[in-house]
Amino acid sequence: MSKILVTGGAGFIGSNFIRLLLQRGGHQVVNLDALTYAGNLESLADVANEPGYAFVKGDIAERDQVEAVFAAHRPSVVVHFAAESHVDRSVLDASAFVRTNVMGTQVLLDVARANGVERFVHVSTDEVYGSLGATGKFTESTPLAPNSPYSASKTGSDLLVRAAFHTHGFPCLTTRCSNNYGPFQFPEKLIPLMILNALDGKSLPVYGDGKNVRDWIYVTDHCSGILAVMERGRDGEVYNIGGNAEKQNIEVVKTLLGLLGKGEELITFVKDRPGHDLRYAIDNTKIRSELGWEPAHSFDTALRETVDWYRSNAAWCGSVRSGAYRDYYARQYDAR
Ligand code: NAD
Ligand code: DAU
C-alpha cells in the first residue's frame, strides 16, 4: 500500500481524483490544500471519514508547513494539483500565480526529494503550448509558448519539474491536459458559469465572437489518465491528456441553453479576454499507445450529466458563490 500526498485536493480536479483513488482502494491519501477561494471541503464530504483519507490545511509555498506534512505522513508518492488555475484572475493580478504555481512547486520538489519520494506527478496544462491556428494539434514535443500569466506560471513549474529530473534524477512525470468539465468545478470557468447564469435567467457573457476553440474532457477521464501516468508512466516523461472534443465556445453555450430549455436571447457578446488564445487541441496518441488509456465519456452524454449535477446540487453552488465570488464577478464582468 502506498501513501499518496495529493496537493490541491479540495479543488475541482483534485477532489475528483481523491474520490477515484479511494474507490480504487489500496492507497492511503493525504490531501494538502490551503483552502483558497477555489478549495472547498464540501466537495469531499462523502469521503471525509474514510479510514484511508486525511486532510491537512497548508500552503505549498510555506516550506515549514510542507516539511511538517512530510514528517507527519511520510508519503512515497506526490500528485501535485495545487495551483491558481483561472486565466482571467491571472490577468487581473498575477502575483498569487507566481507564488503558488512557481515557488510552491519548487518548495514541494525540494521537500519531496529530501524525503525520498519515489514518484512525483506534476499536473499541468495544454496552455503551456500557447495557441494553435485553424489546424494541427499539440504533441509532447510542441515548443512551450505560454501567452497568459497563468500559463506562463504553469510553464515555469513544468520547467522546474524537468530540471529536478535532469539535475537530481528525481523521479518526476508531467501531465498536460485540455479543458475539464464536470462535478465540483468552480463557477468562474466557462461551463459552470454559463449553467448557473442560465438557471438564474442572467446573461451569458461570451468573450469576443465566441469562435475560440477548446478541447473538452470530462474530469473523471482526466483523473483516470493521471492515475495511469502515476502507475505506469516513465520517469522524466510528459504525457498529454485530451478527450478529442474540440468545440467553439459559442457551440458549447448554445448546447447548454438547449439542455436547460432556455433561449439564446440570454447570450451577450462581451469584450474579449486580453491575449485570448484562439484554439487548443490535444494529440493524445502517446498516453493511449504507451499506457493504454482511453477517455470513457462522450461530450454530449457527459455534458448532460454535468448540467444535471449542477441542477441537483444547489447547496454546493450556493456556498461557493459567496460574497467573494460576487465581488470577483462584478470586477470581471460589470465593465465589459
Ligand atoms: P482549482 O482552482 O479548482 O483548485 C485548485 C486547488 O489548489 C484549490 O483547492 C486551492 O485551495 C488549492 N491551492 C491553491 N493555492 C494553494 C497553495 N498555495 N497551497 C495549497 N493549496 C493551494 O483548480 P483545478 O481546475 O482543479 O486544477 C487543478 C490543477 O490542474 C491545476 O494545477 C491546473 O493548472 C491543472 N489543470 C486544470 C485544468 C482545468 O480545465 N481545470 C486543465 C488542465 C490542467
Ligand atoms: O486548457 C486547460 C485550461 O483550461 C486549464 O489549464 C485552466 O486551469 C482552465 O481554467 C481552462 O482555461 P480556459 O481559459 O480555457 O478556461 P475558461 O473556462 O476560463 O474559458 C474557456 C473558454 O471560454 C475560453 O476561450 C474563454 C471563454 N469564456 C470564459 C469565461 C469564463 C467566455 O467566453 N466567457 C466567460 O465568462
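If you're wondering where the values come from, they're calculated on a predicted model, not measured in any experiment.

(A) A look at the overall build of the protein chain. Secondary structure summary: the protein chain contains twelve helices and twelve strands in total. Here the C-alpha atoms of the protein chain give a radius of gyration of 19 Å, agreeing with the 20 Å that 2.2 N^0.38 yields for 336 residues. Principal-axis analysis of the C-alpha atoms places the extent of the protein chain at approximately 55 × 45 × 35 Å. Sorting the 336 residues of the protein chain into buried and exposed places 56% on the buried side. Counted over contacts in the protein chain with a minimum sequence separation of 6, partners at least 24 positions apart contribute 82%. Roughly 13,500 Å² of accessible area belongs to the protein chain as shown, and the carbon and sulfur atoms make up 50% of that amount. In the protein chain, 34 side chains carry a positive charge and 39 a negative one; their mean positions are 1 Å apart.

(B) Representation of helix H7 (residues 219-232) within the structure. In this model H7 runs 20 Å from its N-terminal to its C-terminal C-alpha over 14 residues, within 8% of the 20 Å that 1.5 Å per residue would give. For H7, the buried fraction is high: ten of the 14 residues fall into the buried class. For H7, the set of buried residues is Val219, Asp221, His222, Cys223, Gly225, Ile226, Leu227, Ala228, Val229 and Met230.

(C) Quick look at the site of ligand 2. Taken together, the neighbourhood of ligand 2 is formed by 25 residues, with Asp126, Tyr150, Arg273, His276 and Tyr333 sitting nearest. Within the contact set of ligand 2, an oxygen atom lies 2.5 Å away from a side-chain nitrogen or oxygen of Asp126. Within the side chain of Asn249, an N or O atom sits 2.9 Å from an oxygen atom of ligand 2. Protein burial of ligand 2: of its 690 Å² of free accessible surface, 94% is covered by the chains. Within the residue set of the shell around ligand 2, elements represented by two or more residues are helix H3 (87-92), helix H6 (190-199) and strand S8 (204-207).

(D) Spotlight on the sheet that holds strand S10 (residues 238-241). What the seven strands build is an open sheet, ordered S3-S2-S1-S4-S5-S6-S10; its pairing is parallel. What marks the edges here is a single partner per strand, and that holds for strand S3 (53-57) and S10. Between one strand axis and the next, the sheet turns by 20° as a mean value, whatever way the strands run. In this sheet, strand S6 (residues 172-177) lies alongside strand S5 (residues 119-125) in parallel orientation, the contact comprising six bridges. Within the sheet, the bridge partner assigned to Ser124 lies in S6 and is Arg176. Contacts from helix H4 (residues 95-114) reach strand S1 (2-7), strand S4 (77-80), S5 and S6 within the one sheet, and its direction differs from that of S5 by about 165°.

(E) Seen up close, the environment of Leu32. Here Leu32 lies in strand S2 (residues 27-33). In sequence terms Leu32 and Lys286 are 254 residues apart; their C-alpha atoms lie 30 Å from each other. Those residues within four positions of Leu32 in sequence are excluded, and the remaining contacts are Leu5, Val6, Thr7, Gly8, Gly9, Val56, Lys57, Gly58, Ile60 and Val69.

(F) Geometry of the pattern of salt bridges. As enumerated under the stated definition, the model contains 18 salt bridges in all. Here Glu231 ties to Arg232 by a salt bridge, and the two come within 3.7 Å at their closest N and O atoms. Note on Glu231: relative accessible area 34%, which makes it partly exposed. When salt bridges with common partners are traced through the structure, they connect Arg234, Glu237, Lys286 and Glu290 into a single cluster.

(G) Unusual backbone geometry, seen in detail. With phi around 75°, Phe184 is a residue other than glycine that occupies positive phi space. Note that Phe184 resides in the loop between strand S7 (179-181) and H6. Here the phi dihedral of Asn244 falls at roughly 55°; this positive angle occurs in a residue that is not glycine. You can see Asn244 is positioned in the loop between S10 and strand S11 (246-248). Asn244 gets classed as partly exposed once you look at its relative accessible area, which sits at 48%.

(H) Spotlight on the sheet that holds strand S9 (residues 213-218). Taken together, three strands build an open sheet; the order of strands is S7-S9-S11 and the sheet is mixed. With partners counted over all chains shown, the strands left at the sheet margins are S7 and S11, one partner each. Between one strand axis and the next, the sheet turns by 50° as a mean value, whatever way the strands run. Examined bridge by bridge, S7 and S9 share three bridges and lie parallel to one another. Following the sheet pairing, Asn180 is matched in S9 by Ile217. Running at roughly 85° to S11, helix H8 (residues 249-260) makes contact with S9 and S11 of the sheet.

Reading the values: the criteria
- Per-chain numbering applies: the sequence of each chain, read as written, is numbered from 1 onward.
- Naming scheme: in the order in which they are written, chains are lettered from A and ligands are numbered from 1.
- Per-residue local features of the predicted model are confined to residues with pLDDT of at least 70, and side-chain atom pairs are confined, for both listing and counting, to 80 or more; whole-chain, interface and lining totals are unaffected and use all residues.
- Hydrogen atoms and water are omitted, and side-chain values are computed over all heavy atoms in the structure.
- Secondary structure counts use DSSP, requiring at least four H or I residues in a row for a helix and at least two E residues in a row for a strand, with both numbered from the N terminus.
- Note that the radius of gyration is over C-alpha atoms, with the globule rule given as 2.2 Å times the number of residues to the power 0.38.
- Working definition: with a 1.4 Å probe on protein chains only, accessible area under 20% of the residue-type maximum means buried, over 50% means exposed, and in between means partly exposed.
- Note on contacts: a residue pair qualifies if any of its non-hydrogen atoms lie within 4.5 Å across the two residues.
- Here the accessible surface of atoms and residues is derived via Shrake-Rupley with a 1.4 Å probe, and residues count as covered only by protein chains that are part of the display.
- Counting rule for charge: Lys and Arg are taken as positive, Asp and Glu as negative, and neither His nor the chain ends is counted.
- For this purpose, a charge sits on NZ of Lys, CZ of Arg, CG of Asp or CD of Glu.
- Here a helix's expected span is defined as the number of its residues, less one, multiplied by 1.5 Å.
- Near is defined per residue: the residue qualifies when any heavy atom it owns lies within 4 Å of the molecule or strand.
- Any N or O atom pair separated by 3.5 Å or less is treated as a polar contact, with the protein-specific requirement of one donor-capable and one acceptor-capable atom, and with residues adjacent in sequence counted only for side-chain atom pairs.
- Only when DSSP finds a minimum of two bridges between them are two strands counted as paired.
- Orientation is described by lines fitted to C-alpha atoms, with helices fitted over the stretch in contact, and by angles between N-to-C directions that extend from 0 to 180 degrees.
- The working definition used for a salt bridge is a side-chain nitrogen of Lys or Arg within 4 Å of a carboxyl oxygen of Asp or Glu.

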